[in-house]
Structure formats: structure tokens, C-alpha cells
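The lines below spell out each chain.
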Amino acid sequence: MNKQIALLIAAHLLVMPLMAQNDSIAKLQEVVVTGTRNEADIRHLPMTVTVVDREKLTEQNFPSVLPTVMQQVPGLFVTSRGIMGYGVSTGAAGGINLRGLSAGSGQVLVLIDGHPQYQGVYGHAISDSYQTLMAERVEVLRGPASVLYGSNAMGGVMNIVTRAATRDGVYTNVNIGAGSYGTVQTEASNQVKLGRFSSTVAAQYNRTDNHRPNMGFEQYGGYVKVGYDFTDHWKAYADLDITHFNASNPGAVSMPKLENDQWITRGAANIVIENHYKRTSGALSVYDNFGWHKINDGYDADGVSVPQTDLFRSKDAVAGVSWWQSMSLFQGNRLTAGIDYQHIYGRAYYTDRKTGEVVTTDRRRMQSAHAHENEVAGYVDFRQDLGTVFTVDVGLRYDHHSKAGGEWVPQAGVVYRPMPTAELKASLGKGFRNPTTKDMYLYGTANHDSLHAERLMNYELAWRHRMLGGQLSYGVNLFIIDGENMIQVVAGKNVNSGEFRNSGVELDATYHIDNHWSVNTNHSFLHMRDKVVAAPAYKGFLGVDFRCCKWTVNAGLQYINHLYTAVGADEHSESFTLLNAAVNYSVTRNLNLWVRGENLLAQRYEINLGYPMPKATFMGGVRLSF
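Residues numbered from 1 in each chain as written. Predicted model: local features only at pLDDT ≥ 70, side-chain atom pairs only at ≥ 80, totals over all residues. Heavy atoms only, no water.

A. Summary view of the sheet that holds strand 16 (residues 251-252). Spatially, 16-17-20 is the arrangement adopted by the three strands of the open sheet, whose pairing is antiparallel. Because the sheet does not close on itself, it has two edges, and the strands there are strand 16 and strand 20 (299-300). Looking at chain direction, strand 16 and strand 17 (residues 255-258) are connected through two bridges and run antiparallel. Bridge pairing in strand 17 places A252 opposite M255. (Pairing = 2+ DSSP bridges. Helix = DSSP H or I, 4+ residues; strand = E, 2+ residues; numbered from the N terminus.)

Written out as C-alpha cells, the structure is:
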């Protein structure tokens, strides 16, 4: 690994003298992202953002965005337990971990078009909801984003930007695949653009037996988006994303379970009005992220345990209104201000398995909760270019939670561009997470009297450089995270007592060799004072893409070192190497054949303790476009 870093530095030093003599290298197309509310040139932003576009998301035909995002984003790891499906509750996978902070603990926020998506009772992401069918691209902001997005964005955000029809006409795509362990994945989408009207409609059905008994997974999903451009400056859209999945958890191999089943429905609805002018742009949106959950906790297959007599149920919603407006007051300036309101609803309870009536025994009452919380916030972000070399950015948010109280959230950063093709960025920012309904009201550890927000400070230094006329680009990030006030169980109660420190280095590089070959690689090294499950000490990825005539081939080699599957007295870690590949062949302009292989080295490994992953698996299918 040290040799790779040395080669990158050597290449940098060799090419810099050439850059001083070649003005054409500076004429690179700007990279634009929307993870900062308004569209912005990524070269002028002090934070670190990785963008995974739709071409990359779809080239391996994964029904979920998460496998591709994990490959492409340094420092981000997603847990899994089978060929398809993540599930929820004990034994679930789909944990999104970024720099040692977890979306499963509400420390990393998933957004859809900038709107928060998490389970209102437990405050965690629902990974089976994040489907490729609705995604135009995925933007991952590493580091705190709480100034813009509030609670849960303390470690970073993953923003799924949804698809919209941009070409006049009617376009339809159908993708059908099947493979190992009775796995089937199907998807159909239709996009229409007629004048000022546009629509996107997509649906999918996925299912698998997975590689262990009692581990089936089945999913139905759909996405609808309708938009209308009233004028050249004003437009509106409404969309609805909904998924229902049935998942079974077989338990750890050392303690198998029976009837550990889940029936989950998740949805997200949004209505958005946008304005776009030369010097100002903004949006007003109303959104609702909701879900219904039914879970059978099952019983041990030991011949002694007995089936559950009741089922865990929960309903939740994270509904809100968001307004922001960004404006350029003078040359090189961008001021963004916004107001957010959220109503967080959660109810958790048990029902009798036979009668469906709510169970009200003392034990079940203690494990039930019913709460409504409100959160209101205002924020401002000020960015100013100082000539062509420097950009400074400062932001401040005040966030008030009806139970946890108020929180001031600052951030600041500076960008130095010593040459047109390179940036040195330094930033510091605060992140926070308000206590959830579970923390305050659910189970015997509940504490609704004195819990406050978890907090951290992130300090980051980053360098990014593009060379050879844009063919080669690379970046290096150094970060330190100091966390405090973390919610932990002490003497049987949740209290704010935990502290942690994480630090690390992240590297990424992309080289477009020619019109046929390209290579991309990323690496992340993480040091944790206190080890965390599902946070590898090292994650590396090397991808090779080949395109010629009717063929497209993508191969990726991923190495994971010291992935902790258990910590504490029973500490255990895994290290493994995975080789994946995908081949696409265009039979005609409208017909494409594809095949995908995962774990082609047939590695034995676990990501969740007690849940061995399958050896080599294969999928193949056909994609139609008309």
C-alpha cells in the first residue's frame, strides 16, 4: 500500500512541471453536485463529496444502490448476510458505516432528494428501501452535514437523487434476471417528457431463497414521479417511493432460529416547488417518510424453545416542511438560508398472534412506546470566492428538539487552489444526533427526562488533483473525529456518557487510459480508540472497466482487513478478498444481455457474526429498451 501512495506522489511531482507549461490541462469540465442544497462546483466546496452516477449504478445490474456505493466510496462499508435482502431487527444486515459511524445508530443520514429517510422509532436507516430503480445518482458527503440536514447527519450523508425524464419522447426499459439460490430480480421503468410535462414510473419484484434454510427474501417496490415546468424559472414535482419486503432470519449458525420473520412496508412521498434564476434558486418541499412493521422474533431451534405468542408491531413517520433559498449577492458569493420543520411520530406495541389484539401485560407495556416529537431549525451558509485562488465557507444552524432542547451547529472551511486543476481543502464542523423514541421511551433502559443530543467535531484536510488533461485524478483525505455525549446504558438507563475518537486516511484515484480502458481505486484506513462492529480498519477497492464495440466488462477486487464482527471480551475480526465481475453484451440497440458473478474466489467469510456469506454466486439476465 505504501508503494501505491508513493507512485501517486511520484506521478504528481513528475507531471506538475508539465502542467505549468500546458494551459489546456486547466480547461476541465466542472463537476457539479447538489448535496449542498444548491448546485455548486465541487472544486469550491470545503467538504468531501463522492458522486456515483446512474451509469455506474446500473452497469452491474444490482437492484440496490448500496453494493455499488460501497465499492466506489472510500471509508463507507455496508454489511450483508446473503445474496439479496438486508432485513431489520436482530441479525439484520444493511448497516451503513462511514468512518466508524453507523446509520444503524442514526449517526449517518440517508436522504432522498435532500429529505431525511429513517425509521422514526429506532432512528435507523432501512437499507432495503434504497433501490436503483429510482436513482439518477448517489452523492455521499463524508463528514458532518448537520448544518444543512440537522440531526443524524453527524457522520455524513448519503443523498439519493431521483430520476427525472430529460429527453422528449417516451422511453421504456425492462430488466429481468435470475441466478443462484432461486434468485430472481425484475424491473420495469417508463419515462415520458412531453413539452413541460414529465413523468417517471418504475416497478420491481425481487426474491431469493438465499444460501441457508429459513432465509428467504421477497420484495415488491415502485416509484412514481410527475413534474411540470410552469415557466423557465418555476417548476414542481411530486413523487412516491414505496417498497414492501418479507424477510426471514435463520439466526446464527451456532443457534438457528425458526419463525423469525419480518413483514415491512416503507414509503416516502414528496411535493416540491422549485425556482431557478440566474442569481438565485430555491425550493419549498413537503415530505413524509413512513412505515409499518410486523416482526415475529421467532424461537431457538433447540427442541426446547416454543413459538412466540405475540408479534412486535410499529408504525412511524418522519414528516416535515423544508424551505431554502440560495442567492448570489455579488461576484463570487453564494448565500444559502433555510428553515426545516419535522414531526417525528412513533408507536411500538405488541399484538396477540391469534386474535390481533394489543397485548397489555406488564412486560409488553414496558417494551412499548408511543411518542410525538417536533424539531424546528434555521440555518445559513455563506460561501465567498477570494479571487481565483481561495474560497471560504462558514455555516451555522440552530436546531430545537421538543425533548432534547436546542443545539447550535457551526462549520467552517477554506479551499486553496494553487493551480486550476488542484484543490487543498481544510474544514471543521460539528455533527449531532438527537435521542430517538427508542432511547427515550422504549424498553427498560428508556430515559425521557435527561437525554440530550450526541455530538462530535470533525477536523479534515483534503487534497485533490487532476492531471493529463483530466485523464487521471486522485484525492487524499485526513480526518480526526472527536465524539462526546454519546448515549450509553449505565446502571440500566440510557445516559449521555460516551466518548470516542476516530481518525483515518482516505485515498481515491481514477485513470481513463483510453476510450476502452479505465481504472479506479480507493482505500481507507481507520483507527478507532474504541473498536466498533462493522467498521473495517482497512478497505481497499480496485476496479477495471473495459468498453469496446458491443462489450462492456467491469471487474472489481475488494480487500477488507480487520472487520470487527464482535468487540469487547469476545472480540472477533475478519479479513477477506472479494472478486466480482459483470459482463454486458449489446445484441442490438434495444437488447442487452448481462451476467454478474460475485465472490468469484469462493472465499469463506462473515460480515455479521454467525452468518457465513455464500461462496461464488451468479446472476444473468436480459435488458430491453424501447
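B. Summary view of the packing of aromatic side chains. Considering all chains together, one arrives at 13 aromatic pairs under this definition. Here the aromatic rings of Y228 and F230 are separated by 5.3 Å at their centres, their planes lie at 70°, and the arrangement is edge-to-face. On the basis of relative accessible area, Y228 is assigned to the partly exposed category, the value being 38%. Taken together, the aromatic side chains of Y122, F312 and Y350 make up a single cluster linked through ring pairs. Across from the ring centre of Y237, 4.4 Å away, lies the NZ or CZ of K225, which sits over that ring. K294 extends its terminal NZ or CZ atom over the ring of W263, reaching a point 4.9 Å from the ring centre. (Phe/Tyr/Trp six-rings, centres within 6.5 Å; stacked < 30°, edge-to-face > 60°. Buried < 20%, exposed > 50% of the residue type's maximum accessible area, 1.4 Å probe, protein only. Lys NZ or Arg CZ within 6 Å of the ring centre and 35° of its normal.)

C. Representation of the nonpolar core in the model. Ranked by internal contacts, the top residues of the largest apolar core, which has 47 residues, are V65, V69, L76, I96, M158 and I160. Not counting chain neighbours up to four residues away, the residues in contact with L76 comprise V69, M70, I96, N97, L98, V140 and K539. One finds L45, V49, V157 and Y237 within the second-largest nonpolar core, a separate group that totals 21 residues. (Core = buried A, V, L, I, M, F, W, Y, C linked by side-chain atoms within 4.5 Å. Contact = heavy atoms within 4.5 Å.)

D. Quick look at unusual backbone geometry. Within the chain, S89 stands out as a residue other than glycine whose phi angle is a positive 70°. With respect to the helices and strands, S89 occurs in the loop between strand 4 (76-78) and strand 5 (96-98). In this structure, D113 is a non-glycine residue whose phi angle is positive, near 55°.

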